[in-house]
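# Fold and geometry: a report
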Amino acid sequence: MIHCEDVLKSFGDKNVLNGINLDIEEGQIFGLLGPSGAGKTTLIKILTNQLIFDSGNVKVMGKPVNKLTGEDKKKIGIMMDSFGLYERLSCNDNLKIFADIYGISHSCISEILNYVGLGEAGKRAASKLSKGMQARLKLARVFMHNPKIIFLDEPTSGLDPQSMKAIHKLILEKKNMGCTIFLTTHNMEEAAALCDNVALLNEGRIVECGVPEEICRKYNHQKTLSMHLASGEEIELPHNKEAAEKIFELLKKGMVETIHSSEPNLETVFLEITGRKLEEA
Amino acid sequence: MRNSLIIIKKQLKDTLKNRTILIQFILFPIMTLVMENAIRIEGMPELFFTKLFSVMYIGMAPLTSVAAIISEEKEKNTLRVMMMANVKPLQYLLGVGIYVWTICMIGAGVMATGFRGRDILTYMCFMGVGFVISIVAGACVGIFSTSQMSATSLVMPAMMVLSFAPMLSMFNERIARISQIFYTQQLRICLDTLSLDSIEKETYIVMAVNIVILMVLFCITYKHKGLE
Ligand SMILES: Nc1ncnc2c1ncn2[C@@H]1O[C@H](COP(=O)(O)OP(=O)(O)OP(=O)(O)O)[C@@H](O)[C@H]1O
Ligand SMILES: [Mg+2]
């Protein structure tokens, strides 16, 4: 559905994207992870034809992005951080405008508002909504015309955990309906929870990509077990025979309070590959 | 065209909620009604306030409102959302233009209550032409600026010159001579005589030059900046 080949983009003499290769299949959620300034938004803008790239090949639904017709564009939904709402207008009116543009009946508006949990807020002005509600209204605007491909630029950044969960649920439901979803985030938990595939982007390069669990397992070199003992002591043991015997002893004596195996998460993988933290500002 | 109608509908809904723009639309029509009915001075020309405020209305309302509408949509990126939904830039501009022109014509209709018979028609003609020119000027500013703030700072001086020069030229010869080059001053002259037959050649020329300059300016800004 989405295909990128050697995409280069620079602003002035600053190379923001240095040869991006991606292939995203239909019906999956793809997550682009990276710290602030990695070039995530830039890549989404390129994929949605809001920004011209310097060289390379970008195809969406099998066509070069700048060749998409009006009909094709109606199959795409985009939510960018910067995309605003008509603040003085009500939720209903905000959606009505786009229902008219897409040529869908107004009757689906209350339906979609209910769907994103804004059923009660239809008459309220968009500026009077909380941040989480505004995010859901923007999602309603994206989902309204039932797009086949959905691009979401940091859909949950700055939201409370509850709104975040609500939005995750909506995104997963869309996937189950067969949509292809491309999202960016710097929250690795979000990526692990939602995405079928992720790519780690750092300084304009994809440093790793694949299924989140597999990436984590691949970087699981340390393979240690950490234990919290009844005595209050913290110990760490490698994965080997001697350690197994020691653990056996400790368990038998009832000394073990908690026991964890160290599985790297996307956060630690990223740190290992790049020496940078995902969430660092 | 369908998309332009959607824009017009959206703007109509916004009219009553957007106070800064609403004031632009109703200020001069109301002032005209009040002043014409409240103030009578011996020897004052007939419909003095109507004609004075009409020119100021032309120079202010369409210019500021078009610039404010476009620049706000650019600042909030709602315009980008429209474009992504396949609304064409010219459809958008046409929608905003028609909306502002219509509202201003309604305002002009209120201001025309002092005229009688054919004069109303002639008056509305002049006003309609003036609004179109100002709307193009406002669109230039709106397209050029990326935020409402920058739009306001550009609109202010333009508005001052266009709407105050014709007024000041009543009292000052020098200003009168300079302000002749602006379409608002020419429209003021037209409104004074209020006859389509007695329009001077000079008026036609100045108006044409103004229109051409603004059109060129519009094309240049549009080509360079687009609506992004
Ligand atoms: N229009 C522009 N002109 C110049 N530089 C730009 C422009 N847009 C982005 N950049 C630069 O490109 C780099 C990548 O920006 P981008 O917005 O893609 O990062 P991001 O990964 O989305 O970050 P964040 O997580 O903060 O949203 C940044 O260093 C930024 O300064
Ligand atoms: Mg970003």
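Everything here concerns the structure above.
Residues numbered from 1 in each chain as written. Chains lettered and ligands numbered in written order. Predicted model: local features only at pLDDT ≥ 70, side-chain atom pairs only at ≥ 80, totals over all residues.

## Focus on the overall build of chain B
Formally: For the purposes of this entry, the term helix denotes a DSSP run of H or I that reaches at least four residues, the term strand denotes a run of E that reaches at least two, and both are numbered from the N terminus. Radius of gyration here uses only the C-alpha atoms, and the compact-globule reference equals 2.2 Å multiplied by the residue count raised to the power 0.38. Burial in this document is a count-based property: other C-beta atoms within 10 Å of a residue's C-beta are tallied, and the residue is buried at 20 or more, exposed at 12 or fewer, or partly exposed in between, with C-beta positions derived from the backbone. Any residue pair is listed as a contact if its two C-beta atoms, each placed from the backbone, are within 7 Å.
Across its full length, chain B holds 10 helices and zero strands. Seen in sequence order, chain B has helices and strands lined up from the N terminus as α-α-α-α-α-α-α-α-α-α. Computed over the C-alpha atoms, the radius of gyration of chain B is 18 Å, within 12% of the 17 Å expected from 2.2 N^0.38 for a compact globule of 228 residues. For chain B, the residues scored as buried account for 42% of the 228 residues in total. Of the contacts formed within chain B by residues at least 6 apart in sequence, a portion of 76% connects residues at least 24 apart.

## Overview of the overall build of chain A
Within chain A one finds 10 helices and 13 strands. Counting only C-alpha atoms and orienting by the principal axes, one finds that chain A spans roughly 70 × 45 × 30 Å. Within chain A, buried positions represent 36% of all 281 residues. Across chain A, the fraction of contacts at a sequence separation of at least 24, relative to all contacts at a separation of at least 6, is 69%.

## What to know about the interface of chain A and chain B
In plain terms, the rule: Think of it as three bins: nonpolar holds Ala, Val, Leu, Ile, Met, Phe, Trp, Tyr, Cys and Pro, charged holds Asp, Glu, Lys and Arg, and polar takes everything else, Gly as well.
Each partner contributes residues to the interface: chain A has 17 residues there, and chain B has 16 residues. Those elements that place two or more of their residues in the side of chain A that touches chain B are helix 2 (70–73) and helix 3 (91–102) of chain A. Examining the composition of the side of chain A that touches chain B, we find that six residues originate from one element, helix 3 of chain A, more than from any other. Per-class residue counts for the side of chain A that touches chain B are nine nonpolar, three polar and five charged.

## Focus: unusual backbone geometry
The phi dihedral of Glu154 of chain A falls on the positive side, at around 45°, and the residue is not glycine. On the secondary structure map, Glu154 of chain A appears in the loop between strand 7 (149–153) and helix 6 (161–176). Glu154 of chain A gets classed as buried once you count the C-beta atoms within 10 Å, which come to 21. Unusually for a residue other than glycine, Leu194 of chain B sits at a positive phi of about 50°. Assignment of secondary structure puts Leu194 of chain B in the loop between helix 9 (183–193) and helix 10 (201–225).

## Considering the sheet that holds strand 13 (residues 256–261) of chain A
All names here are of chain A. What counts is decided by this rule: Here, strands pair whenever DSSP counts at least two bridges between them. The axes used here are C-alpha line fits, helices contributing only the stretch in contact, and every angle between their N-to-C directions lies in the interval 0 to 180 degrees.
Taken in spatial order, the three strands line up as 12-11-13 in an open sheet, and their pairing is antiparallel. Strands with a single pairing partner mark the edges of an open sheet, and in this sheet they are strand 12 (234–238) and strand 13. Across the sheet, the mean angle separating the axes of adjacent strands is 20° when strand polarity is ignored. With five bridges joining them, strand 11 (residues 224–229) and strand 12 adopt antiparallel strand pairing. When the sheet's bridge partners are listed, Met227 is paired in strand 12 with Ile235. Set on the sheet, helix 9 (residues 241–252) makes contact with strand 11, strand 12 and strand 13; between it and strand 12 the angle comes to about 145°.

## So, the packing of helix 7 (residues 148–168) of chain B against helix 9 of chain B
Residues and elements named next belong to chain B. Inclusion rule: Reported orientations rely on four angle classes, namely roughly parallel under 35 degrees, roughly antiparallel over 145, roughly perpendicular from 65 to 115, and oblique for the rest. Put simply, a crossing is left-handed when the front helix is turned counterclockwise from the back one by less than a right angle, and right-handed when it is turned clockwise.
Between helix 7 and helix 9, the least distance of the axes is 8 Å, while the angle of their chain directions is 40°. Taken together, the axis directions place helix 7 and helix 9 in an arrangement best described as oblique. In this structure, helix 7 meets helix 9 at a crossing whose hand is right-handed. Taking contact as the criterion, the partners of Leu162, Ser163, Ala165 and Pro166 in helix 7 are, on helix 9, Thr184, Gln185 and Arg188.

## A look at the site of ligand 1
All names here are of chain A. The condition is simple: Contact assignment follows one rule, namely that a residue is near a molecule or strand if its backbone-placed C-beta atom lies within 6 Å of it.
Around ligand 1 sit Phe11, Val16, Gly34, Ser36, Gly37, Ala38, Gly39, Lys40, Thr41, Thr42 and His186, and that is every residue in its neighbourhood. At three residues, helix 1 (residues 40–47) tops the list of elements feeding residues into the shell around ligand 1. Across the shell around ligand 1, the residue classes break down as three nonpolar, seven polar and one charged.

## Description of the sheet that holds strand 2 (residues 14–24) of chain A
All names here are of chain A. Here we have four strands laid out as an open sheet, ordered 2-1-4-5, and antiparallel in their pairing. Only two strands of the sheet have a single neighbouring strand rather than two, namely strand 2 and strand 5 (63–64). Inspection of the sheet shows strand 4 (residues 55–60) paired to strand 5 by two bridges, in the antiparallel sense. Bridge pairing in strand 5 places Val60 opposite Lys63.

## Notes on helix 2 (residues 19–38) of chain B
All names here are of chain B. Heads up, the condition is: Think of it this way: the bend at a residue is just the angle between two axes, each fitted to seven residues, one set ending at that residue and the other starting at it.
Maximum bend of helix 2: about 35°, positioned at Ile26, with proline Pro29 one to four residues after it. Buried within helix 2 we find Ile21, Gln24, Phe25, Phe28, Pro29 and Thr32. Residues of helix 2 that are buried sit in contact with helix 3 (48–75) and helix 5 (89–111).

## Remarks on the packing of helix 3 of chain B against helix 7 of chain B
All names here are of chain B. Look at helix 3 against helix 7: their axes get within 9 Å of each other, and the N-to-C directions meet at 170°. One finds that helix 3 runs roughly antiparallel with respect to helix 7. The residues of helix 7 that touch helix 3, namely those facing Leu52, Val55, Met56, Gly59, Met60, Leu63, Thr64, Ala67, Ala68, Ser71, Glu72 and Glu75, are Gln148, Ala151, Val155, Ala158, Met159, Leu162, Ser163, Pro166 and Met167. Its residues assigned to classes, the contact of helix 3 with helix 7 shows 14 nonpolar, five polar and two charged.

## Some remarks on the nonpolar core
The test is simple: The term nonpolar core refers to a group of buried residues, namely Ala, Val, Leu, Ile, Met, Phe, Trp, Tyr and Cys, whose C-beta atoms join them within 7 Å.
In terms of nonpolar packing, the biggest core is built from 129 residues, with Leu47, Ala140 and Ile181 of chain A together with Val66 and Val96 of chain B touching the most fellow members. Among the elements that take part in this core, helix 3 of chain B stands out by supplying 15 residues, more than any other. Leaving out residues up to four positions away in the same chain, Leu47 of chain A has contacts with Ile2, Val58, Val60, Val65, Phe151 and Phe182 of chain A.

## Remarks on the pairing of strand 13 of chain A
All names here are of chain A. Among the six residues that make up strand 13, zero are buried, leaving the element largely open to the surroundings. As paired strands, strand 11 and strand 13 are joined by five bridges and run antiparallel to one another. Paired with His228 across the strands is Thr258, a residue of strand 13.

This is a description of form; function is not addressed.
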